[in-house]
Amino acid sequence: MKTVGALLILSAALITGLEGLRRARLRENTLQSLAASFLILRSEISSGLVTTEEALEAARERSGGRTRDFYSAVLSGMDRLGEKTFAEIWTEAAEELDAVSKEERDAVIEVGSGLGRYDRETVSALLERAESRLGSMLELLEKKRQKEGRLKLILPIAAAALFIILML
Amino acid sequence: MERVSGAVERFDRAALLLPHNLRDRARELKREERASCEEFRLRLGYPASVVMPEGERSMGGDPVTKRELGFVLEAATGASVHSASSRLAEGFITAKGGFRVGLCGAVGLSGGEPGGFTSVSSAAIRISREHKGACVPIIDSVYSGGEVRSTLIISPPGGGKTTLLRDLVRYISDAAGGPRVGLCDERSEIAAFFEGEPTMDVGRRTDVLDGCPKARAVSMLLRSMNPGVIAIDEITAEEDAEAMTRAAHCGVKLIATAHAASRTELAERPIYRALLASGVFEELIIIRKLGGRRSYLREAML
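Here the structure is a predicted model, which means the values were calculated and not measured. Here the residue index of a chain counts from 1 through its sequence in written order. All chains are assigned letters beginning with A, and all ligands numbers beginning with 1, in the order in which they are written. For this predicted model, a pLDDT threshold of at least 70 governs which residues receive local features, and a threshold of 80 or more governs which side-chain atom pairs are given and counted, while totals over whole chains, interfaces and linings are taken from all residues.

1. Describing the overall build of chain A
Counting from the N terminus, the helices are the DSSP runs of H or I reaching at least four residues and the strands are the DSSP runs of E reaching at least two. Across its full length, chain A holds 6 helices and 0 strands. Counting helices and strands in the order they occur from the N terminus, chain A gives α-α-α-α-α-α. Put simply, the radius of gyration uses C-alpha atoms, and a globule should come to 2.2 Å times the residue count raised to 0.38. A globule of 168 residues ought to have a C-alpha radius of gyration of about 15 Å, yet chain A, at 21 Å, is considerably larger. For the C-alpha atoms alone, the extent of chain A along its principal axes is close to 70 × 30 × 25 Å.

2. So, the overall build of chain B
The number of helices and strands found in chain B is 11 helices and 17 strands. Against the globule reference of 19 Å for 302 residues, chain B gives a C-alpha radius of gyration of 20 Å, in line with a compact fold. Counting only C-alpha atoms and orienting by the principal axes, one finds that chain B spans roughly 55 × 50 × 35 Å. For chain B, buried positions account for 45% of its 302 residues. For every residue pair, C-beta atoms are placed from the backbone, and the pair is scored as a contact if these atoms sit within 7 Å. In chain B, of all internal contacts separated by at least 6 residues, the share reaching a separation of at least 24 is 60%. Counts of 20 or more other C-beta atoms within 10 Å of a residue's own C-beta define buried residues, counts of 12 or fewer define exposed ones, and intermediate counts define partly exposed ones; C-beta atoms are placed from the backbone.

3. Focus: the nonpolar core
Residue and element names in this part refer to chain B. A set of buried Ala, Val, Leu, Ile, Met, Phe, Trp, Tyr and Cys residues, joined to one another through C-beta atoms within 7 Å, is what we call a nonpolar core. Grouped together as the largest cluster of nonpolar side chains are 119 residues, with contacts concentrated most on Leu17, Val72, Val101, Ile230, Ala231 and Met244. Both of domain 1 (2-126) and domain 2 (136-300) provide at least three residues apiece to this core. Discounting residues that sit within four places of it in the chain, methionine 244 has contacts with Val218, Ile232, Leu254, Ala256, Leu275 and Val280. In this document the domain limits rely on a domain assignment from an automatic tool or a database.

4. Observations regarding the packing of helix H2 (residues 52-61) of chain A against helix H3 (residues 65-77) of chain A
All names here are of chain A. Structural elements are reduced to axes, namely lines fitted to C-alpha atoms, with helices fitted over the stretch in contact, and the angle between N-to-C directions of any two is expressed from 0 to 180 degrees. In contact at an axis separation of 9 Å, H2 and H3 are set at 155 degrees when each is read in the N-to-C sense. By the criterion of interaxial angle, the relationship of H2 to H3 is roughly antiparallel. In terms of crossing hand, the pair formed by H2 and H3 is left-handed. Residue-level contacts link Glu53, Leu56, Glu57, Ala59 and Arg60 of H2 to Arg68, Tyr71, Ser72, Val74 and Leu75 of H3. Charged means Asp, Glu, Lys or Arg here, nonpolar means Ala, Val, Leu, Ile, Met, Phe, Trp, Tyr, Cys or Pro, and polar covers whatever is left, Gly included. Its residues placed into classes, the contact of H2 with H3 shows 5 nonpolar, 1 polar and 4 charged. Throughout this description, any angle smaller than 35 degrees is read as roughly parallel, any larger than 145 degrees as roughly antiparallel, any in the 65 to 115 degree range as roughly perpendicular, and the remainder as oblique. Handedness of a helix crossing follows the sense of rotation of the near helix relative to the far helix, less than a right angle counterclockwise being left-handed and clockwise being right-handed.

5. Focus on the interface of chain B and chain A
Each partner contributes to the interface: chain B provides 14 residues, whereas chain A provides 17 residues. The biggest single contributor to the side of chain B that touches chain A is helix H4 (residues 66-77) of chain B, with 4 residues.

6. Concerning unusual backbone geometry
Trans is the prevailing form of peptide bonds, just as negative phi is the prevailing case for residues other than glycine. All names here are of chain B. A positive phi angle, close to 50 degrees, is found at alanine 192, a residue other than glycine. Note that alanine 192 resides in the loop between strand S10 (181-185) and strand S11 (193-194). Notably, glutamate 234 is not glycine yet its phi reads approximately 60 degrees, a positive angle. For glutamate 234, the location among the structural elements is in the loop between strand S14 (229-232) and helix H9 (238-249). The class of glutamate 234 is partly exposed, set by 18 C-beta atoms lying within 10 Å.

7. A closer look at the sheet that holds S10 of chain B
Residue and element names in this part refer to chain B. Taken in spatial order, the 7 strands of this open sheet run S13-S10-S14-S15-S9-S16-S17, and their pairing is mixed. Both outer strands of the open sheet, strand S13 (206-210) and strand S17 (293-300), are each paired with one neighbouring strand and no more. With direction set aside, neighbouring strand axes in the sheet form an average angle of 20 degrees. At least two bridges found by DSSP between two strands are what make those strands a pair. In the sheet, S10 pairs with S14 via 4 bridges, with the strands oriented parallel. By the bridge assignment for S14, leucine 183 is matched with alanine 231. Together, strand S9 (151-155), S10, S13, S14, strand S15 (253-259) and strand S16 (283-290) form the strand contacts of helix H7 (residues 161-174), whose direction differs from that of S15 by roughly 170 degrees.

8. Re the environment of alanine 260 of chain B
By secondary structure assignment, the location of alanine 260 of chain B is in the loop between S15 and helix H10 (263-268). Considering only alpha carbons, one finds alanine 260 of chain B and isoleucine 287 of chain B, 27 residues apart in sequence, at a separation of 9.6 Å.

9. Topic: the pairing of S13 of chain B
Residues and elements named next belong to chain B. Burial analysis of S13 places 4 of its 5 residues in the buried class, which makes it a mostly covered element. Pairing analysis gives 5 bridges linking S10 to S13, with the strands arranged parallel. When the bridges of S13 are listed, aspartate 185 appears paired with aspartate 210.

10. Description of the confidence of the model for chain A
Per-residue confidence for chain A gives a mean pLDDT of 87; residues scoring 70 or more make up 98%. The element-level mean pLDDT for chain A is lowest in helix H6 (residues 120-167) of chain A, coming to 83, with H3 of chain A highest at 95. Each residue gets a pLDDT score, which is the predictor's confidence in that residue and runs from 0 to 100.

What follows is the structure in structure tokens.
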């Protein structure tokens, strides 16, 4: 019985550790994909021939995961343009980005304040800035993962093992 | 009754370009006022106003803010100011539904030419209306027995020239065995292109050149589409008149509009004087507006 209990505790710790790693990986992937989508937006908008909606559609088509969901939400919100400002529609969609931190989400929200409102040079500069900001955040995350990644997995298992020893 | 409903519906659609508070105020207008309203006018620091057939009048309420003008710009461009910049440099954009939004404010120069607005201080939203059947009172003068007579339509601003021209184009283009019509729509007011698609019915045999300077558009249409009729809204420059004369010499019939209250006034202006002297127009239609009602006066030119 004790062995079964111990195994259960260890399994739970392992799952917790793996879940932590999965979340960290998801955050990195989302940031990477968001930064890449800003590059897509920038290249579409810089032609001056593509509307914001068409650029968003291109970004959605070429993104996956949470980023794709984000662009889908913005695009479906475009029907309400006029009732709401574009910045509000963008912010609402960004608020649903649960895989990223508040600071990272704020960097995304900032793009919505200028996208669609200014000439292409200003919008391109805004997107480039956001892209580089997300890039720096991603770099930090990667460094952190290399440093703490294993620890995130080992720590809950070690804590569980210690707990089992103490209980036994 | 159906026409009034249509006019009210157009008003309501145009009002979607206004910020919420102004939209609510616009909807408070009486039904007949909404049906006859021609424009919304927004000026920074003053309450918004509506332009009615009898003149401009305030909608009351708070003064218009920069944020509200920014909202109009965003709604009019579908949050795509960057893709509307060439039109913005001309001082107007065509919004969804074919509503022309004229803008004023501080203009930024690019290479010595207007390159768009650095800030907007006024906006005029024109409530264009498609009035199918508007050309019925004059159609026999312009098109009968399968033949089009080159026609110049004149009236003072706001007289309904564009509405009449649009309906004439549609009628001739849709008529059984009717000619192909080439439409030069430099300011997107006739076919009212929005994101590359016409939002007004200009007929099934009409080829539209949208946003292209008129004189260039006439040459392009002649070369590329072999039209039987070329329609142009508002002849304003000498090169427009020259291009039309050239087209007439190629055997193309012309339908055009110009700002003038009478034939005498028309003849006083050098551009039109030359055009009249060239004899390219066979008919002159003068639109008169009395107490909100229009009447048409026809004069033979040849």
